[in-house]
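# Survey of secondary and tertiary structure
In case you want the letters, here they are:
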Amino acid sequence: MAPKGKAGTKGKKQIFEENRETLRFYLRIILGASALYAVVNLVIFYPAASAWTWLAFVFSSVVYGTSYRSMNSMAKPSFAEDGSLADGGIDLNMEQGMAEHLKDVILLTAIVQVLSCFSLYVWYFWLLAPGRALYLLWVNILGPWFTADSSPASQEPNEKKQRRQERRQVKRF
């Protein structure tokens, strides 16, 4: 049975510790996937490595760098003058936050990078990231904006109600 009432909130110190662990975890994923890709494609199969292999490695490095750096700046804590923790930063483990999407990008890139040790065609799976971004853009911003009801018929009753309320206000005074 689910607990009733308000969900517990995390303290600054707990957010700080969890963010540090989350950043360590994703750094290990980044380093592991990059090392495996580099050893397999750029060391063992160096003679077969093409410009596309190097381009994929550079692309994944840029994606990792920007995603990790964004997460790191989001989780940056602030300390008071006496050295105590003033703010633990944004919670990286919060659901439906920007950090969740950045973690998804890191994981997708790591999976694609490791699987691309077998075939460079696996990089086409990375097109899932912009596809998901377009989907979220449509569902959260563009779709509601295009389908918003802005007909004049729905605005007239509001104007009538407003006039009626104004008349009632005048009658009271």
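The structure under discussion appears in the preceding block.
Just so you know, the residues in each chain are numbered from 1, in the order the chain's sequence is written. Residue-level local features of this predicted model are given only where pLDDT is at least 70; pairs of side-chain atoms are given and counted only at 80 or more, and the full residue set underlies all totals for whole chains, interfaces and linings. Side-chain measures were taken over the full set of non-hydrogen atoms in the model, leaving aside hydrogen atoms and water.

As a further point, take the overall build of the protein. By definition, any uninterrupted DSSP run of H or I lasting at least four residues is a helix, any uninterrupted run of E lasting at least two residues is a strand, and each is numbered from the N terminus. A count of helical and extended segments in the protein gives five helices and two strands. Start at the N end of the protein and walk to the C end: the helices and strands fall as α-α-β-β-α-α-α. Contact criterion: two residues are considered in contact whenever any of their non-hydrogen atoms come within 4.5 Å of each other. Counting only contacts in the protein whose residues sit at least 6 apart along the sequence, the fraction spanning at least 24 positions is 62%. Only carbon and sulfur atoms are counted for the fraction: they give 63% of the accessible area of the protein, which is about 12,900 Å². For every accessible area listed, the method is Shrake-Rupley and the probe measures 1.4 Å; residues are considered covered only by the protein chains on display.

Contact geometry for helix H1 (residues 12–44) and helix H2 (residues 51–74): axes closest at 11 Å, N-to-C directions at 175 degrees. Considering the angle they form, H1 stands roughly antiparallel to H2. Contacts from Thr 22, Leu 23, Tyr 26, Leu 27, Ile 30, Ala 33, Ser 34, Tyr 37, Ala 38, Asn 41 and Leu 42 of H1 reach H2 at Thr 53, Trp 54, Ala 56, Phe 57, Tyr 64, Tyr 68, Met 71 and Asn 72. By the convention adopted, Pro, Cys, Tyr, Trp, Phe, Met, Ile, Leu, Val and Ala count as nonpolar, Lys, Arg, Asp and Glu as charged, and the other residues, Gly among them, as polar. Across the contact of H1 with H2, the residue classes break down as 14 nonpolar, five polar and no charged. Orientation is described by axes fitted as lines to C-alpha atoms, over the contacting stretch for helices, and by angles from 0 to 180 degrees between their N-to-C directions. Roughly parallel means an angle under 35 degrees; roughly antiparallel, over 145; roughly perpendicular, 65 to 115; everything else is oblique.

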